[in-house]
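Coordinate inspection notes
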Amino acid sequence: MKNIIELQNIHVSFDGETILDHFNLNIRDKEFVTLLGPSGCGKTTSLRAIAGFVQPQAGKVLFEGKDITKLPPHKRQVNTVFQRYALFSHYNVFENIAFGLRISKTPEKEIKERVHEMLALVNLKGFENRNVAQLSGGQQQRVAIARALVNNPKVLLLDEPLAALDLKLRKGMQNELLRIQRQMGITFVYVTHDQEEALTMSDTVVVMKDGLIQQIGTPEDIYNEPTNPFVADFIGESNILPGTMLKDYLVEFEGVEFPCVDAGFGENVAVDVVVRPEDIKIREPEEEALHGVVETVTFKGVHYEMMVRSANYLWKIHSITCREPGTKIGMKIIPEYIHIMAKEAGTAN
Amino acid sequence: MRRFIQKSYMGLVFGFLYLPIAYLIFFSFNSGKSKVIFSGFSFKNYVNLFQDEQIMQALLNTLIIAAISSVVATILGTMAAIGIQRLRKLPRNAIMNITYMPVLNPDIITGVSMMLFFSVLGISLGYGTVLLAHITFNIPYVILAISPKLRQMDVSVYEAAMDLGASPTVAFRKAILPQIMPGIISGFMMALTLSVDDFVVTFFLKGVEVETLATVIYTTTKTRINLSMNALCGVMVIVVLIILIIANLPAKQNAKKREE
Ligand SMILES: Nc1ncnc2c1ncn2[C@@H]1O[C@H](COP(=O)(O)OP(=O)(O)O)[C@@H](O)[C@H]1O
Ligand SMILES: [Mg+2]
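What comes next is a walk through the structure.

With that settled, consider the site of ligand 1. All names here are of chain A. Surrounding ligand 1, one finds Phe14, Ile19, Pro38, Ser39, Gly40, Cys41, Gly42, Lys43, Thr44 and Thr45. Between ligand 1 and threonine 44, the relevant distance is 2.6 Å, taken from an oxygen atom to a side-chain nitrogen or oxygen of the residue. Looking at which element gives the most residues to the shell around ligand 1, the answer is helix 1 (residues 43-51), with three residues. The residue makeup of the shell around ligand 1, split by class, is four nonpolar, five polar and one charged.

This part covers the nonpolar core. Residues and elements named next belong to chain A. Membership of the largest hydrophobic core comes to 58 residues, with the highest contact counts inside it found for Ile5, Leu7, Ile27, Phe88, Val155 and Leu157. If we ignore the near neighbours within four places in the chain, the residues touching leucine 7 are Phe23, Asn24, Leu25, Ile50, Lys60 and Val61. Of all hydrophobic cores here, the second largest spans 38 residues; its members include Ala146, Leu165, Ile186 and Tyr190.

Pairing between the strands of a sheet comes from backbone hydrogen bonds, and it takes one of two forms, parallel or antiparallel. All names here are of chain A. In space, the five strands of this open sheet follow the order 13-12-11-14-20, with antiparallel pairing throughout. Unpaired on one side and paired on the other, strand 13 (256-259) and strand 20 (339-342) mark the two borders of the sheet. Pairs of neighbouring strands in the sheet enclose a mean axial angle of 40 degrees, with direction left out of account. Direction of pairing for strand 14 (residues 269-275) relative to strand 20: antiparallel, over a ladder of four bridges. Bridging from a neighbouring strand, aspartate 272 pairs with methionine 341 of strand 20.

Our focus in this paragraph is the packing of helix 2 (residues 93-103) of chain A against helix 4 (residues 137-149) of chain A. Residue and element names in this part refer to chain A. It is at 7 Å that the axes of helix 2 and helix 4 come closest, and there the two elements cross at 30 degrees. Between helix 2 and helix 4, the angle falls in the class roughly parallel. Between helix 2 and helix 4 lies a crossing of right-handed hand. Of the residues in helix 4, those in contact with Val93, Asn96 and Ile97 of helix 2 are Val143, Ala146 and Arg147. Tallied by class, residues from the contact of helix 2 with helix 4 come to four nonpolar, one polar and one charged.

This next bit is on the interface of chain A and chain B. The partner chain B presents 19 residues to the 21 residues of chain A that form the contact. Taking both partners together, chain A and chain B bury about 1700 Å²; carbon and sulfur atoms supply 60% of that area. For the interface between chain A and chain B, the tally reads two salt bridges. Salt-bridge contacts for aspartate 15 of chain A lead to arginine 88 of chain B; the nearest nitrogen and oxygen are separated by 3.6 Å. Linking chain A to chain B there are five residue pairs in polar contact (both at pLDDT 80 or more). Of all the secondary structure elements, the ones that give two or more residues to the side of chain A that touches chain B are helix 1, strand 6 (78-81), helix 2 and helix 4 of chain A. Taken together, the residues of the side of chain A that touches chain B sort by class into 12 nonpolar, six polar and three charged.

Residue and element names in this part refer to chain A. Bridge count for strand 11 (residues 239-247) against strand 12 (residues 250-253) is three bridges, and the pairing is antiparallel. The partner of methionine 245 across the bridge, within strand 12, is valine 251. The antiparallel pairing of strand 11 with strand 12 creates a hairpin that spans two residues between the two strands, and tyrosine 249 there sits at a positive phi of about 65 degrees. By the bridge criterion, four bridges tie strand 12 to strand 13 in an arrangement that is antiparallel. The partner of valine 251 across the bridge, within strand 13, is phenylalanine 258. Linking strand 12 to strand 13, which pair antiparallel, is a turn of two residues; within it glutamate 254 sits at a positive phi near 50 degrees.

How each quantity is defined
Residues numbered from 1 in each chain as written. Chains lettered and ligands numbered in written order. Predicted model: local features only at pLDDT ≥ 70, side-chain atom pairs only at ≥ 80, totals over all residues. Heavy atoms only, no water. Near = heavy atom within 4 Å. Polar contact = N/O pair within 3.5 Å; in protein donor to acceptor, adjacent residues only side chain to side chain. Helix = DSSP H or I, 4+ residues; strand = E, 2+ residues; numbered from the N terminus. Nonpolar A, V, L, I, M, F, W, Y, C, P; charged D, E, K, R; others polar. Core = buried A, V, L, I, M, F, W, Y, C linked by side-chain atoms within 4.5 Å. Buried < 20%, exposed > 50% of the residue type's maximum accessible area, 1.4 Å probe, protein only. Contact = heavy atoms within 4.5 Å. Pairing = 2+ DSSP bridges. Axes fitted to C-alpha atoms, helices over the stretch in contact; angles between N-to-C directions. Parallel < 35°, antiparallel > 145°, perpendicular 65-115°, else oblique. Left-handed = near helix turned anticlockwise from the far one by under 90°. Buried area = accessible area lost by both parts, 1.4 Å probe. Salt bridge = Lys/Arg side-chain N within 4 Å of Asp/Glu carboxyl O.

Structure, rendered in structure tokens:
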């Protein structure tokens, strides 16, 4: 599949402070890409570079292979759903959605048709004469989406579109956005700081931190094979502890040797070991080489969360059964659930 | 007792405010020449007024100066307000304080300083200098009327408009202008009123040949008894009254609509 957008070595700084650095990203046509990272990591800035509101100091933005770095926003074939909707409060719902068509001087009859099409797409039939200020947050969100889609953009940029909605509404809108993306058959570039949202919706997830891309991959890749402790920690909960790669397929941590599925690190190399809380099975102490003592137990709705102390590490374990605090347990971790990461330069712990 | 005091207080206020005006207008209908003895009812002062070329010229000058200066000040003030809004906090506050200065300054200082300034530059006083002065003292009021609207405004709608294909100019017209229009209108109205009202600044900058209503009333009433001036005041009061009524009409109609 061909790339619809390419960001090549983008560098953005404000007042000498670097916001994006060596930013390289290829977005394929009709893909749902999510930029994921903590607040302030540069997600909005990257979207604005694609939309044309931010001029990078270095690097290129390509659209369908053509350099659009210097093209002003109104000449780019991408549309944006803004973080806080940015609806035109002096227009009603119909005129908000019709805005792009009026700019391109579309005939009145076609405008009517297109706007009604869009209203149907976002389930807002019958709302055309409403004042946007009287709409609920979720409805305003829909108007913003319809307004951005009316021009038939090839790429839709969405900046934390669901952040202001309550949890239940958010779940519903996630499904609707996916439906809209499939129905329109266009590329979505989606920004969020919610890892669950990113994992459930995306074809590709881009994890960012401090303006640097940490990892690009499918949700499964990112979850199962995080490339560094930051990604492992940001994408769901993890146990991250130091270990030693003794040789290929054999790792040692907490004084216990474990067979694993990773290779190619060398012999006796210090590494970071990642184990998800739900991947640790509770056994009797005599059954397993790795032991620990339960410190706390919390009920989390579907599972229990236990904090278990072994020789040098406090483990987080998710399990549907629980043990009383003070109980000594054995911990079983199968090779597939042990993920090895190379130590990052400069993080010697 | 309390009601009585309240009522007499209101009476006093209205008395001091409106009695002199009522007195002035009453004598504008005097057929005689006196300002104290009413000899009979007539419209002759009004007829004289509208035949008095000096006054008609002054009226024309006042209207032209007010119109031009308030339009120019509104345009410049709007641009300035937008520019100021886009500055960083520190320079923005500095410029806003500088903007306040002429508002707080007594008119006489504005008038005298400008007169000196123009004479140093060798610019002769007249129509041009009055216009320049009016534009200058109007701009801060326009800026002050628009700035709060700009601050409340959602800037992202400007970007949203461009995102949807509008050029920066069109985006400004369609997304920003409607939001700050109330501020622009009130700034314009303020500029118009201030310009029509102004006596002091005009007096220092008008030179010899230009007269506005304010200066003409001042010079005529100072030198001779002239009941046309009373008639002029009568006309002005009535015009203001009509404007007030018109200005309040739509508000009432809207209120009624909302109640329905
Ligand atoms: N116009 C700007 N001027 C100065 N700093 C900015 C500007 N826009 C963003 N920043 C800074 O850039 C950083 C990244 O911002 P942003 O891209 O909005 O992050 P995110 O969307 O991931 O929360 C933040 O530290 C923010 O303060
Ligand atoms: Mg953001």
